[in-house]
Amino acid sequence: MNTALILSGGVGSRLGGDMPKQYIEVGGRIVAASILVLFTIGAYTLLQPKTVTLSAESEVVAYHLPDGTKVSLMPHSSLSYQEDDCRKVEMKGCIYYQVKHDEQHPFDVMGEHGHVRVLGTQFMVDERTDAPEVMVTSGKVLFTARSSAEGVFLIKGKRARLQNGAAQPELLADYDINDVAWATHRLHFNNTPLSEVLEKLTELSGVKYTASDESKRLTGDFETDSIPQVIQVIEETLGVQIR
């Protein structure tokens, strides 16, 4: 917001009085009008709620909002909200939300193109392109275009994409739960070819993995806090060497 301060120039008196027009009376005291204007502007600025901005640069960063909601930001993502209301946020990039349930206060996510509203659930919003996607891992969300009230409801396991310029999102095929492993730190495999397992581990770690026999299949759940430990368990379980 730009503010212009216009001060009266010249000399003279107000109509019907002897007081110079550059001064006014406040509480029985004579003060310069310019000082009063500056004081009013300063007080107004101080009373405005501050904007809080959270960001991630080169690695995934997790934050807890004042209401108990947890947000995990992919690199080059950001989230902002007014200090007095953290349940209405603006975002850029890709963020995974674990929203604290509150029946009285919906949680609103505004991206450049899309809008998501929930009461309390877990979901990912990917706004890295002009066709944002939403994936729900728990609960239910309403996904609309930013300037529209018409949209689609998504429940656990569902996802949708808002094509550029579309009036509302379109439903997509069910997503792979491992697509959000970067935020949940959990991997689930069900008779999955080892080659696909290694692709996911490579994606998460940035290290290229290959195995002595990639035709084998893996079933199991893994915590991704230590990828080397996951590799060791797979080697022992399937009797392969991974490098």
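As a reminder, the structure under discussion sits directly above these lines.
As a starting point, this report considers the structure included with it. (Residues numbered from 1 in each chain as written. Predicted model: local features only at pLDDT ≥ 70, side-chain atom pairs only at ≥ 80, totals over all residues. Heavy atoms only, no water.)

Quick look at the side chain of D108
Note the threshold: The way it works is that DSSP assigns letters per residue, a run of H or I at least four long becomes a helix, a run of E at least two long becomes a strand, and they are numbered from the N terminus. The classification of residues rests on relative accessible area computed with a 1.4 Å probe and restricted to protein chains. Under 20% of the type maximum is buried, over 50% is exposed, and intermediate values are partly exposed. Two N or O atoms form a polar contact when they lie within 3.5 Å of each other; inside protein one atom must be a possible hydrogen donor and the other a possible acceptor, and for residues adjacent in sequence the pair counts only when both atoms belong to side chains. We call two residues in contact when some of their heavy atoms are within 4.5 Å.
Looking at the secondary structure, you find D108 in strand β9 (residues 107-110). What makes D108 buried here is its relative accessible area of 5%. Of the polar contacts made by the side chain of D108, one reaches the side chain of R117; its length is 2.7 Å. The contacts of D108, once residues within four sequence positions are left out, are R87, K88, V89, H115, V116 and R117.

A closer look at the packing of helix α3 (residues 194-205) against helix α4 (residues 227-238)
Formally: Only the contacting stretch of a helix is used when fitting its axis, a line to C-alpha atoms as for every element, and angles between N-to-C directions run 0 to 180 degrees. For classification purposes, angles smaller than 35 degrees are called roughly parallel, those larger than 145 roughly antiparallel, those between 65 and 115 roughly perpendicular, and all remaining angles oblique. The nonpolar class holds Ala, Val, Leu, Ile, Met, Phe, Trp, Tyr, Cys and Pro. Asp, Glu, Lys and Arg form the charged class, and all remaining residues, Gly among them, are polar.
In contact at an axis separation of 11 Å, α3 and α4 are set at 170 degrees when each is read in the N-to-C sense. Judged by the inter-axis angle, α3 sits roughly antiparallel to α4. Listed contacts from α4 to L194, V197, L201 and S205 of α3 are I227, V230, I231, I234 and L238. Of the residues belonging to the contact of α3 with α4, the class tally is eight nonpolar, one polar and no charged.

A look at the packing of aromatic side chains
Each aromatic ring pair is characterised by the separation of its centres together with the angle its planes make. Selection criterion: Each Phe, Tyr or Trp ring, with Trp reduced to its six-membered ring, pairs with another whose centre is within 6.5 Å; inter-plane angles below 30 degrees give stacked pairs, above 60 give edge-to-face pairs, and intermediate values give tilted ones.
This structure, assessed with the given rule, holds three aromatic pairs. Between Y97 and F107, the aromatic rings sit 6.0 Å apart at their centres with planes inclined by 65 degrees, giving edge-to-face as the arrangement. Within this pair, whereas Y97 is found in strand β8 (residues 94-98), its partner F107 is found in strand β9, the two being separated by ten residues in sequence. Y97 gets classed as buried once you look at its relative accessible area, which sits at 0%. Ring geometry for F189 against F222: centres 6.1 Å apart, planes inclined by 55 degrees, an arrangement best described as tilted. In this pair, F189 sits in strand β17 (residues 186-193) while F222 sits in strand β18 (residues 217-223), placing the two residues 33 residues apart along the sequence.

Focus: the sheet that holds strand β16 (residues 170-171)
Here is the rule: Two strands form a pair only when DSSP identifies at least two bridges running between them.
Taken in spatial order, the seven strands make up an open sheet running β4-β5-β8-β11-β12-β15-β16, and their pairing is antiparallel. A strand with exactly one partner marks an edge of an open sheet, and here the two such strands are β4 (61-64) and β16. Examined bridge by bridge, strand β11 (residues 122-126) and strand β12 (residues 133-138) share five bridges and lie antiparallel to one another. Pairing of F123 across the sheet is with V136, part of β12.

Brief notes about the pairing of strand β14 (residues 151-155)
Regular strands place their side chains on alternate faces of the sheet. As paired elements, strand β13 (residues 140-145) and β14 share five bridges and run antiparallel to each other. Paired with T144 across the bridge in β14 is G151. Between β13 and β14, which pair antiparallel in sequence order, lie five residues.

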